[in-house]
Amino acid sequence: MRISAIALLSVAALSLGASAYLAAQPFDSPAEEALAQDRQPAGDYFVFVGSYTNPTPETTSASRGIYGFRFDSKTGTLSPLGLAAPSVNPVHLWPHPSGNFLYAANWETGDKTVGDTVSAFSVNRKSGALQLLNRVSAHGERANQVVLDPGGNVAITVTYNSGTVTAYGVEPGGTLTEGFYTDQHAGAPLSPRQPGPRAHGIVFSKDSRFVYIAELGLDRVYSYRLDTAKRTMTPFDPPYVSLKGGSGPRRLQLHPNGRFLYVNHETDSAVSVFEVNGGSLKEIQSLSTLPADYKGNNSTAEIQIDADGRFLYVTNRGHDSIAVYSVDSARGRLTMSENVPSLGRTPRNITIDPTNQYLISANQAGDNVVVFRIDRKTGHLTAVGSPQTVAQAGGVAFVKAR
């Protein structure tokens, strides 16, 4: 029996403390949906925030899945909608270019048959509700990221415990095919600090012809050729470049001009710059993400570059800050500008909004998400409004509202 929007309102208000939870599940009737729309705050985008519902196999959190917000790009204001869809550990999210679908990497699902998964959801562009379409195997343990190619035809996930990379077709209705390609990374770590294969980051070239994968446990970045029409994926020869032993490459971003690749190091708190030549990579710079006088523990998490390719951002977990760099677009090189407090412990994810004016930080141990306005001259981040509560916050995704 379908639960009414009023009942869901009560549940979400209790779990989130939201004063105006707005029907995250399908409505019982068009009239009921129209009534809910009248109550919704203004906002030209939806923001979806993933979470760790079970941070470890032995522990749970207050989160139940993916949470929704209205986002007003004129003011940077987030208005909570509550639970958009229940899901187990939807730690990373990615929107389809059409805005009609959303994808989640499900970490440690506890499902002994299927294992970890990638989930596909349809998006109600008026209410922000999500409806599960299908789930497919991640082909490994601890699926930690899912990314779609710019055309929205192929999705790729990586697994931390297993060191696998798997590619899926994206069907016209938003569902995912079973994986058409899986690569199992293998080899000896370059440092005793590293555990072996731990795939952790994905980025596509703008033309969807190349894919780059950060391999944290082997201190490598892999390159692949991709044909989205034929659904084929092939490693380069040689398949990877190596970074300094013990660096722990975690996530990646390409410069908008496609000539430079930026990779943050989880283990040694640095960021590397690579020249890109037809998919081949050559490292040209590496620099710290931390102030020179900081001596405490730290690991980096996420990396983002703005749409103009002028500013790069990397999160520090421990220092609990966002490193801000200016980018030389002609040479690719970085200059450290400052470290801005993330306003919450353990900034797990950062995402820049489609208008290129704001950056949202999801602070996992801080149980919040914070909106920062980007100074278009300097890259400096200034917090906007009040932090919004999401227990064990993870990935963040924007979808245009209708």
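Since the model is a prediction, treat every value here as computed from it, not as a measurement.

A. Structural context of the sheet that holds strand β16 (residues 249-254). With antiparallel pairing, 4 strands are arranged side by side in an open sheet as β16-β17-β18-β19. Of all the strands in the sheet, just β16 and β19 (280-288) have a single pairing partner and so form its edges. Recorded for the sheet is a direction-independent mean angle of 25° between the axes of neighbouring strands. Pairing analysis gives 8 bridges linking strand β18 (residues 270-277) to β19, with the strands arranged antiparallel. The residue bridging S272 from the neighbouring strand is S286, located in β19.

B. Representation of the pattern of salt bridges. According to the stated counting rule, one finds 10 salt bridges in the structure shown. Between D207 and R209 there is a salt bridge whose closest N-O contact spans 3.7 Å. Overall, the relative accessible area of 48% leaves R209 in the partly exposed class. The partner of K244 in a salt bridge is D268, and the shortest N-O contact between them spans 3.3 Å. In this pair, K244 is assigned in the loop between β15 (232-242) and β16 and D268 in the loop between β17 (260-265) and β18, connecting sequence segments 24 residues apart. Overall, K244 belongs to the exposed group, its relative accessible area being 57%.

C. Just the packing of aromatic side chains, in detail. Enumeration according to the criterion identifies 10 aromatic pairs in this entry. With a centroid separation of 5.5 Å and an interplanar angle of 75°, the aromatic rings of F71 and F398 are classed as edge-to-face. Of this pair, F71 sits in strand β2 (residues 65-72) while F398 sits in strand β28 (residues 393-400), placing them 327 residues apart in sequence. Across this residue pair, the class does not change: F71 and F398 are buried. One aromatic cluster is present, built from ring pairs that chain together Y45, F71, Y358 and F398. Directly above the aromatic system of Y160 lies the positively charged group of R198, at a separation of 5.3 Å from the ring centroid. The aromatic ring of F236 is capped on one face by R225, whose charged end is 4.1 Å from the ring centroid.

D. View of the pairing of strand β25 (residues 358-363). Most of β25 sits inside the fold, with 6 of its 6 residues counted as buried. Neither face of β25 is left uncovered, since the one carrying Y358, I360 and A362 and the one carrying L359, S361 and N363 both have all their residues buried. Relative to β25, strand β24 (residues 347-352) runs antiparallel, the two sharing 5 bridges. Of the residues in β25, the one forming a bridge with P347 is N363. Adjacent in sequence and paired antiparallel, β24 and β25 are bridged by 5 residues, among which N356 carries a positive phi angle near 65°. Strand direction decides the pairing type here: β25 and strand β26 (residues 368-374), joined by 6 bridges, are antiparallel. Each bridged residue has a counterpart across the sheet, and for S361 the counterpart in β26 is V370.

E. Fine view of unusual backbone geometry. Note that the residue after D237, namely P238, is joined by a cis bond; omega there is 0°. With respect to the secondary-structure elements, P238 resides in strand β15. In this model, S208 sits at a positive phi of 65°, which is unusual for a non-glycine residue. Looking at where S208 falls in the secondary structure, it is placed in the loop between β12 (199-204) and β13 (210-215). Owing to a relative accessible area of 8%, S208 belongs among the buried residues under this scheme. Its identity as a non-glycine residue notwithstanding, D320 has a phi of 55°, on the positive side.

Reading the values: rules and limits
- Residues numbered from 1 in each chain as written.
- Predicted model: local features only at pLDDT ≥ 70, side-chain atom pairs only at ≥ 80, totals over all residues.
- Heavy atoms only, no water.
- Pairing = 2+ DSSP bridges.
- Helix = DSSP H or I, 4+ residues; strand = E, 2+ residues; numbered from the N terminus.
- Axes fitted to C-alpha atoms, helices over the stretch in contact; angles between N-to-C directions.
- Salt bridge = Lys/Arg side-chain N within 4 Å of Asp/Glu carboxyl O.
- Buried < 20%, exposed > 50% of the residue type's maximum accessible area, 1.4 Å probe, protein only.
- Phe/Tyr/Trp six-rings, centres within 6.5 Å; stacked < 30°, edge-to-face > 60°.
- Lys NZ or Arg CZ within 6 Å of the ring centre and 35° of its normal.

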